[in-house]
Amino acid sequence: MGEVLALVEARLHTALGEPDARAAVTFLGTDRIEVLRFTDADQGVVRYATLGMSAAPMADPTAALADPVEGPRAELVLTVRAGLADTDKALRPLAVLAASPQVEGVVVAPGASLDVGEPLWPGAPFTSVLVAESGGLVEDLELDAPMDPVRFLPLLPMTQNEAAWKRVHGAAELQEKWLNSGTDLRDPLRRSVALDR
């Protein structure tokens, strides 16, 4: 477990640079989840990445026994514009989401919606996120067989209206709406995209 996390942290450093802050959260009955903060002054963004979710594979909640080796592994990455909101308060909600496979037995995969039931940070219009495809910002980390690779899944904050619309129309349709509207998904204060159908 520790070896996997050391490789994951090294991959994050390679892709995002050195973290300028980190926080650890432990929930009853779960392994420790860390959230690392990476500030990219050139792009004016701050990125938060979880560390600990990939220590064990995510298990199918219907399986009788969880496989300790095989199964999907992931970490979560959130990117927001710096200085517009107190997004450092997102550390705990991110840790909650990263612990959800251990706590609730969910398998976090692209296209999924995750809801923390409260604003992601003070004043945020978002309580949930859409899980996007991996492989962009941080490349997947291959592990020795038979272990699955660790995927670094971007999180796209959703307003309540967007989350409700996504439940009906699907993730691809919502992402198309955002794209067609030129939505800045990194804006921590953005309003909901127009959902006219």
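What this report covers is the structure whose coordinates are included nearby. (Residues numbered from 1 in each chain as written. Predicted model: local features only at pLDDT ≥ 70, side-chain atom pairs only at ≥ 80, totals over all residues. Heavy atoms only, no water.)

All right, on to the overall build of the protein chain then. On a plain count of helices and strands, the protein chain comes out with four helices and seven strands. In sequence order, the protein chain lays out its α and β elements as α-β-β-β-β-α-β-β-β-α-α. The C-alpha radius of gyration computed for the protein chain amounts to 16 Å, which stays within 12% of the reference 16 Å derived for 197 residues, consistent with globular compactness. Taking the principal axes of its C-alpha atoms as reference, the protein chain extends roughly 45 × 40 × 30 Å. (Helix = DSSP H or I, 4+ residues; strand = E, 2+ residues; numbered from the N terminus. Rg over C-alpha atoms; globule rule 2.2 N^0.38 Å.)

Turning our eyes to something else, we now look at helix H3 (residues 160–169). Where H3 is concerned, the buried positions are Glu162, Ala163, Trp165 and Lys166. Viewed end-on, H3 has its buried residues packed into an arc of 165 degrees, placing them on one side of the element. Exposed side of H3, more than 90 degrees from the buried face: Gln160, Asn161, Arg167 and Val168 are the residues found there. Against strand S5 (113–115), strand S6 (126–131), strand S7 (150–159) and helix H4 (171–181) lie the buried residues of H3. Gly170, located one to two residues past H3, shows a positive phi value of around 100 degrees. (Buried < 20%, exposed > 50% of the residue type's maximum accessible area, 1.4 Å probe, protein only. Arc of directions from axis to C-beta. Contact = heavy atoms within 4.5 Å.)

A separate point is the pattern of salt bridges. For the structure on display, the rule yields ten salt bridges. Salt-bridge contacts for Arg22 lead to Glu34; the nearest nitrogen and oxygen are separated by 3.0 Å. With Arg22 in strand S1 (residues 21–25) and Glu34 in strand S2 (residues 33–40), this pair connects stretches of sequence that are twelve residues apart. What you see here is one network of salt bridges that share partners, running through Glu9, Arg22, Arg32 and Glu34. (Salt bridge = Lys/Arg side-chain N within 4 Å of Asp/Glu carboxyl O.)

Once that is clear, we can look at the packing of H3 against H4. At a closest axis distance of 7 Å, the pairing of H3 and H4 adopts a crossing angle of 130 degrees. Considered as vectors, H3 and H4 are oriented oblique to each other. Facing Glu162, Trp165, Lys166 and His169 of H3, the residues of H4 in contact are Ala171, Glu173, Leu174, Lys177 and Trp178. Partitioning the contact of H3 with H4 into residue classes produces four nonpolar, one polar and four charged. (Axes fitted to C-alpha atoms, helices over the stretch in contact; angles between N-to-C directions. Parallel < 35°, antiparallel > 145°, perpendicular 65-115°, else oblique. Nonpolar A, V, L, I, M, F, W, Y, C, P; charged D, E, K, R; others polar.)

Membership of the largest hydrophobic core comes to 29 residues, with the highest contact counts inside it found for Leu76, Leu78, Val108, Trp121 and Leu155. When residues of this core are traced back to their parent elements, those giving at least two are S2, strand S3 (45–51), strand S4 (73–81), helix H2 (91–104), S6 and S7. Top element by residues in this core is H2. It accounts for five residues. When residues no more than four places from it in sequence are discounted, the contact partners of Val108 are Met53, Met58, Leu76, Ser100, Pro101, Leu114, Val131 and Leu153. Of all hydrophobic cores here, the second largest spans 16 residues; its members include Val4, Leu5, Ala55 and Leu141. (Core = buried A, V, L, I, M, F, W, Y, C linked by side-chain atoms within 4.5 Å.)

The next point concerns unusual backbone geometry. Of note, the bond from Ala145 into Pro146 is cis; its omega dihedral lies within 30 degrees of zero at 10 degrees. In this structure, Pro146 sits in the loop between S6 and S7.

Take Lys166: it is sitting in helix H3. Residue classification places Lys166 among the buried residues on the basis of a relative accessible area of 12%. As a C-alpha pair, Lys166 and Pro122 span 44 residues in sequence and 24 Å in three-dimensional space. Separated by 2.8 Å, the side chain of Lys166 and the backbone oxygen of Gly111 make a polar contact. (Polar contact = N/O pair within 3.5 Å; in protein donor to acceptor, adjacent residues only side chain to side chain.)

Taking burial as the measure, the nine residues of S4 include eight buried ones, the bulk of the element. By the bridge criterion, five bridges tie S3 to S4 in an arrangement that is antiparallel. Among the inter-strand pairings, Tyr48 is bridged to a residue of S4, identified as Leu78. (Pairing = 2+ DSSP bridges.)

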